[in-house]
Structure formats: structure tokens, C-alpha cells
Amino acid sequence: MSDVYLYSFKGKFRLFDIESFLLKTELPQLVEQVAEGTRVGLKVIVPNPGNITYIRPLIVKKILDFIKGLGALVELVDTLDIMDEGLEVMKRVNHVGYSFQTFDAPFLLADHITGTDYKEIIINGDYLPYVHLGTEFEEMGLLVFLTHFTGDPFYGYFGSITHMALRCIAKEFKNKVLADLVFEVDGSRCDKCGLCVE
């Protein structure tokens, strides 16, 4: 397992600072360790419609170009979320700027456009004996995660951890993992303001 690095956007942000930051991480050494011509996945999360808190393409491109500059074949990768439809996600990829035209690198859905392309990995966990990992991940010699968190006291860190864990497993398996989570509305507290659906 590798270290986790935090790049803070607090204060004055300058794009060229990202490269000097990356040089201080173990990323150059990790890329050097994979065989030449080996695929390197740059794991992003394709935001849901209306979500404005995602890592901007300009920043992702700077990181992708840094990894490319180390001689790696880089591909952007994500998996389908529970409610996602593959074609709709590919439209969002273009809409938010995570496209081939922006990065000169392909964007892949690791569990395919159907969310059903996976390999079963035995983990012998406390709650699950196995997971269904998107097959594209198996072909990659290195996976670099890009995630972010907001200032929200609960969802900020939780969302980042969830991104790194759940967004690598196939869509069909996410249903199994999250099966016990049921959305409930307390009718006595609902004033039908509509805030929950905005």
C-alpha cells in the first residue's frame, strides 16, 4: 500500500505548483517500477448531473501529463455507480471535460458500459468473502487515485474513502455491498419543501 498525499487548494492556487508537489511524492518511483508499456490508470470520479464539486479537467490533465512525462501509458478510469447508465456516463464524461479531446488519453469504464464486466477477487473480509473488481483494473500495472473532499464534517472524508473503495467494484456488486442501506423518510418531519431532491 502506498502513501496518501494531500494537495491543498487553500490560498493562492498555481497550476505549476502541482508538478513540484508530485515530484516530492513517491509517484515517480512507482511509475518507474512498472514495466515500460504497462497501462497506468488514473482513477477519477465522473460527477453526477448537477454536481459541481469534482476535480477540474485542468488539474487532472496536469497530473496525467506528469505521469505521461514519466513514460507511462495513462488512461482515465472509473466504474458505473448504482444508478448510472453507461451511455449517460459517457455523455457526462464529455460534458465535464474528462474526454479524449481534453486529455489525449482514453476514458474507460472498468466494469464496461453495462457495469457487468468484472473479475471475482477473494478478500476473505469480515463482511464480504469476495468483491467483483472491474476487469480493466486487472490490466493496469499501477492505479493512481484522484479524489477530493469538501469541508463537510461527515461526508467530506467519508465521500473520499467511499470513492476509493466502492468506485472500483462493478456496478452490479455495489448493489450487494449497499443492500442494507435503505433510504427512509420520516413523514412526520417532512414539510414537502423539496430541498432533498434539489
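Below is a summary of the structure that appears in this document. What you are looking at is a predicted structure, and each value in this text was computed from that prediction instead of being measured. (Residues numbered from 1 in each chain as written. Predicted model: local features only at pLDDT ≥ 70, side-chain atom pairs only at ≥ 80, totals over all residues. Heavy atoms only, no water.)

1. Here's the deal with the overall build of the chain
What the chain contains, in helices and strands, is eight helices and six strands. Counting from the amino terminus, the chain carries its helices and strands in the arrangement α-α-β-α-β-α-α-β-β-β-α-β-α-α. Taken across its 198 residues, the chain has 35% of its residues classed as buried. Within the chain, contacts between residues separated by at least 24 positions form 71% of all contacts whose residues are at least 6 apart in sequence. Element-wise, carbon and sulfur atoms account for 58% of the exposed surface of the chain, whose accessible area totals about 12,800 Å². (Helix = DSSP H or I, 4+ residues; strand = E, 2+ residues; numbered from the N terminus. Buried < 20%, exposed > 50% of the residue type's maximum accessible area, 1.4 Å probe, protein only. Contact = heavy atoms within 4.5 Å. Areas by Shrake-Rupley, 256 points an atom, 1.4 Å probe, with all protein chains shown as cover.)

2. Looking at helix H1 (residues 16–23)
All buried positions along H1 are accounted for by Asp-17, Ile-18 and Leu-22. Projected down its long axis, H1 carries its buried residues within an arc of 135°, all on one side. Away from its buried face by more than 90 degrees, H1 exposes Phe-16 and Leu-23. Each element contacted by the buried residues of H1 is listed here: helix H2 (27–33) and helix H3 (57–69). (Arc of directions from axis to C-beta.)

3. A word on unusual backbone geometry
Although it is not a glycine, Asp-104 sits at a positive phi angle of roughly 55°. Among the secondary structure elements, Asp-104 is positioned in the loop between helix H5 (100–103) and strand S3 (107–109). One non-glycine residue, Asn-124, lies in the positive phi region at around 50°. Considering the arrangement of structural elements, one finds Asn-124 in the loop between strand S4 (118–122) and strand S5 (130–134).

4. With respect to the sheet that holds strand S1 (residues 39–43)
Taken in spatial order, the four strands of this open sheet run S3-S2-S1-S6, and their pairing is parallel. Looking at which strands have only one partner, the edges of the open sheet turn out to be S3 and strand S6 (140–145). Taken over all neighbouring pairs, the strand axes of this sheet differ in orientation by 35° on average, direction set aside. Sheet analysis places S1 next to S6, joined by five bridges and oriented parallel. Bridge assignment links Arg-39 to a residue of S6, and that residue is Met-140. (Pairing = 2+ DSSP bridges. Axes fitted to C-alpha atoms, helices over the stretch in contact; angles between N-to-C directions.)

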